[in-house]
Amino acid sequence: MATLADIGLSAAINLLSAFIFLIAFAILRLQPFNDRVYFPKWYLKGLRTSPTHSGASVRRVINLDFRSYLRFLNWMPEALKMPEPELIDHAGLDSAVYLRIYLLGLKIFVPIAFLAWAILVPVNFTNSTLERASANVTSSDIDKLSISNIPLGSERFWTHIVMAYAFTFWTCYVLMKEYAKVATMRLEFLASEKRRADQFTVLVRNVPPDPDESVSELVEHFFLVNHPDHYLTHQVVYNANKLAKLVKKKKKMQNWLDYYQLKYSRNQSQRPLMKTGFLGLWGQKVDGIDHYTSEVEKLSKETAEERERVKKDPKSIMPAAFVSFKTRWGAAVCAQTQQSRNPTLWLTDWAPEPRDIYWQNLAIPYVSLAIRTLIMGVAFFFLTFFFMIPIAFVQTLASIEGIEKIAPFLEPIIETKFIKSFIQGFLPGIVLKLFLIFLPSILMIMSKFEGLTSLSSLERRSATRYYIFNIVNVFLGSIIAGSAFEQLNAFLKQSANDIPKTIGVAIPMKATFFITYIMVDGWAGIAGEVLMLKPLIIYHLKNFFLVKTEKDREEAMDPGSLGFNTGEPRIQFYFLLGLVYATVTPTLLPFIIVFFAFAYVVFRHQIINVYNQEYESGAAFWPDVHGRVITALVISQVLLIGLLSTKDAAQSTPLLVVLPVLTIWFHMFSKGRYEPAFIKNPLQEAMMKDTLERAREPNFNLKSFLQNAYLHPVFKSCDDDSDDDDISKKMENENVLVPTKRQSRRNTPVPSRMSGASSPSLHELKEEAVP
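Here the structure is a predicted model, which means the values were calculated and not measured.

Can you help me understand the overall build of the protein chain in this one?
Counting its regular elements, the protein chain contains 34 helices and six strands. Burial status across the protein chain gives 52% buried among its 771 residues. Pairs at least 24 residues apart make up 80% of the contacts formed inside the protein chain by residues separated by at least 6 positions. Accessible surface, the protein chain: about 36700 Å² in total, of which carbon and sulfur atoms supply 63%.

Would you take a moment to explain the nonpolar core for this structure?
Nonpolar side chains tend toward joint burial in soluble globular proteins. One finds Phe475, Phe596 and Trp622 to be the most contacted residues of the largest nonpolar core, which totals 128 residues. When residues of this core are assigned to their parent elements, the largest contribution, 16 residues, is made by helix H7 (residues 93-125). Residue contacts for tryptophan 622: discarding those within four places in its chain leaves Val97, Arg100, Ile101, Leu104, Glu178, Tyr179, Val182 and Phe678. Among the nonpolar cores identified, the runner-up in size contains 18 residues, and Val207, Leu224, Val323 and Ala335 belong to it.

Looking at this structure, how should I read the sheet that holds strand S2 (residues 231-238)?
Two strands in a sheet stick together by hydrogen bonds in their backbones, pointing the same way (parallel) or opposite ways (antiparallel). Spatial strand order, S2-S5-S1-S6: four strands in an open sheet with antiparallel pairing. Since the sheet does not close on itself, it has two edges, and those belong to S2 and strand S6 (347-350), each with one partner. On average, each strand axis in the sheet is tilted by 30 degrees relative to the strand beside it, whichever way the strands run. Bridge analysis of strand S1 (residues 201-205) against S6 gives four bridges, and the strand direction is antiparallel. Paired with valine 202 across the bridge in S6 is tryptophan 350. In the packing of helix H13 (residues 328-335) onto the sheet, the strands contacted are S1, strand S5 (317-325) and S6, and the crossing angle to S6 comes to about 130 degrees.

Can you help me understand helix H29 (residues 653-674) in this one?
One full turn of an α-helix is made of 3.6 residues, so residues set three or four places apart face in the same direction. When the terminal C-alpha atoms of H29 are compared, their 32 Å separation across 22 residues agrees well with the 32 Å that a helix rising 1.5 Å per residue should span. Along H29, the residues that are buried comprise Leu656, Leu659, Pro660, Thr663, Phe666, Ser670 and Tyr674. Relative to the axis of H29, the buried residues are bounded by an arc of 120 degrees and lie together on one face. Away from its buried face, by an angle of more than 90 degrees, H29 presents the exposed residues Pro654, Val661, Trp665, Met668 and Gly672.

What is the right way to look at the packing of helix H9 (residues 157-192) against helix H28 (residues 622-645) in this model?
Where H9 contacts H28, the two axes come as close as 11 Å, and the packing angle between them is 175 degrees. Put simply, H9 runs roughly antiparallel to H28. Of the residues in H28, those touching H9 at Phe157, Ile161, Ala164, Thr168, Thr171, Cys172, Leu175, Glu178, Tyr179 and Val182 are Trp622, Pro623, His626, Val629, Ile630, Leu633, Gln637, Leu640 and Leu644. Considered class by class, the residues forming the contact of H9 with H28 number 14 nonpolar, four polar and one charged.

Which parts of the structure should I look at to understand the packing of helix H26 (residues 564-581) against helix H27 (residues 589-609)?
Describing two packed helices takes the angle between their axes plus the distance from one axis to the other. Put simply, H26 and H27 touch, their axes get as near as 10 Å, and they point 155 degrees apart. Regarding the angle of H26 to H27, the classification is roughly antiparallel. Note on packing geometry: the crossing formed by H26 with H27 is left-handed. Contacts from Arg570, Ile571, Tyr574, Phe575, Leu577 and Gly578 of H26 reach H27 at Leu589, Ile592, Phe595, Phe596 and Phe603. Looking at the contact of H26 with H27 residue by residue, the class counts come to nine nonpolar, one polar and one charged.

So, how was this worked out
- Each residue is numbered by its place in its chain's sequence as written, counting from 1.
- Residue-level local features of this predicted model are given only where pLDDT is at least 70; pairs of side-chain atoms are given and counted only at 80 or more, and the full residue set underlies all totals for whole chains, interfaces and linings.
- Hydrogen atoms and water are omitted, and side-chain values are computed over all heavy atoms in the structure.
- Only runs of H or I of at least four residues qualify as helices and only runs of E of at least two qualify as strands under DSSP, and these elements are numbered from the N terminus.
- A simple rule labels every residue: compare its accessible area, found with a 1.4 Å probe on the protein chains alone, to the largest value its type can have, and call it buried under 20%, exposed over 50%, or partly exposed in between.
- In this description, contact between two residues means that some pair of their heavy atoms is separated by no more than 4.5 Å.
- To be clear on the numbers: accessible area is Shrake-Rupley with a 1.4 Å probe, and residue cover counts the displayed protein chains and nothing else.
- Residue types Ala, Val, Leu, Ile, Met, Phe, Trp, Tyr and Cys, when buried and joined through side-chain atoms within 4.5 Å, form a set referred to as a nonpolar core.
- Strand pairing is assigned whenever DSSP detects at least two bridges linking the two strands.
- Angular values range over 0 to 180 degrees, each being the angle between N-to-C directions of two axes fitted as lines to C-alpha atoms, with helices fitted over their stretch in contact.
- A helix's residues, less one, multiplied by 1.5 Å, set its expected span.
- This arc is built from the directions going out from the helix axis to the C-beta atoms.
- Note on angle classes: values under 35 degrees are labelled roughly parallel, values over 145 roughly antiparallel, values of 65 to 115 roughly perpendicular, and the remainder oblique.
- The nonpolar class holds Ala, Val, Leu, Ile, Met, Phe, Trp, Tyr, Cys and Pro. Asp, Glu, Lys and Arg form the charged class, and all remaining residues, Gly among them, are polar.
- What makes a crossing left-handed is the near helix being turned counterclockwise from the far one by less than a right angle; a clockwise turn instead makes it right-handed.

Here is the structure:
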């Protein structure tokens, strides 16, 4: 087992590796040729066009100002200087609130760590239970600071119970304050935000089939009848996935054409040649410009044909539409109410903002979504529980005992102090990270198959599954499987009555593994995050081999967004570890505090300079963050109850049972009080915003603003804009009241726009009804 000296040496090694990463980052970020890697956000915003270090030819590549290297940590205070309101304007509310998760960790664990080290650690350490325990049960110096060192039936367990109450009340208090703060930030952000298409638009799913009318006609009639004063326009959803692939391929060919034309413009003495084989390595030599010109023309023809097919084929139109309203108030009423007698038809919800839409999934029929969800639920269940087997096995081998058992001849080398500390401090965490490296991609594929229609919902669903996976495999799997293997010898030699006691001692003993995990995944991982070694290598490889035009360079340096589906579950795992071990092994808390503080500074720097958020959901993910902290709190309480039940402290169990009940009640209270701000738009706020806009811009043409906001991106391709303009002008010039194909005008007196047949207007029908 690891001693305090081993943990200290492991911590020193991890701190040294993190410090080396920071020095490497400080050097690399100052080099002009890396400027687009470490400051891409400023380039993409158009606020930076060249490195700050420029001059002679050498200075354009390498920074020769040695004084700047002495200030290699100045990026930390610079990252903290930007005020939060300015940060919201610069990066959006999603990014600013994401950083508040790290602040939440500091607010919770700094006071808890102070109380735990001031009260619990002395109570635990001033015992000698482990020293007198059977030699069959392995323990370490860290365990002497934990609850394992308290003798059975001791009155000292009341200290842990009181501290469990204190930690729970403090955590709930901080959570409530933070929930209220983020909800207020969200409402103020939405109120201050400029006009956006999603504020006026709802997504309508499961439009019922009608033999007399198309989906577009049916949607128009339904909303003109049921929302006559607020309906403005709509856009049906097309199954344009094949067209999107053609457009993507055409853009790629166009990019190659631009490259060869640029190459020829620089040297017109010779036409550029290329090979038609794989990656241009072999094949027939042809004129590059002529080849790609013909490819672009060919794809243009195929794209136009496919586009016309999509528009004319009724099977390409899905029973869904984006419906826009004249006011935010009208959209809020529609999105938050039931539209028809049958609750499974005309389903409405807020439309994601256009850049947040995952267009491929809009083509999935609504009736298949429930089946897809069931399939992915079953698949995730098997993925989670079957994944535990290799993790438990490899984690056992990734220990000194496991290596010595497999390869006894390595024992002299392994027992060397440095090697032993390295294995205990690095190997288990690294092996676990390697096993989890492909998990986020697998979970994202599962979420896409499930049929979610926005990037934000895809990431939130993947984050939820990642968190569950971490609880089952990384946390419970490491405790149960790891403890079982380590204590197997003790189980075989002890009587059945002593086994529960051994388990009670083994649970806090797993803190050593989690401390090493925090150092590897947290400290070194965050240092690796700011170093950005992988994006750095990829950018320079792309820049050397693939970049042909300025557009290519922008795509090569595009850093992407934060990656909520991987980052947030990782943060939540540290909340879980901190809350579980706060009363059990407080030694772990300082390591978690270092992680939260370091990660906050690093990600603030990354959000300001690197990451370019793909979408803006207005911090819609915060209810998930709150719920997962509550889940971690309940798990910590249940585990403490189970642990004390093995310590002959049964009389305290009724008091601890109250804690999960109070915590769940608090969660229900918070959910009812604050969550509506994240899933609904108050009508009062919508009306206020509408009134202000009408006063400021009374003549604003909202229909023109919304007309093509939710048109599929493939219909907005550059070379086909003329068709879109014709469609837009045609739709703007048409009247709202149009003829209908329906046989019964009594059901829908509003005529249809698409038919040429004449029909009386709604006003005429009303006049006919008057005697």
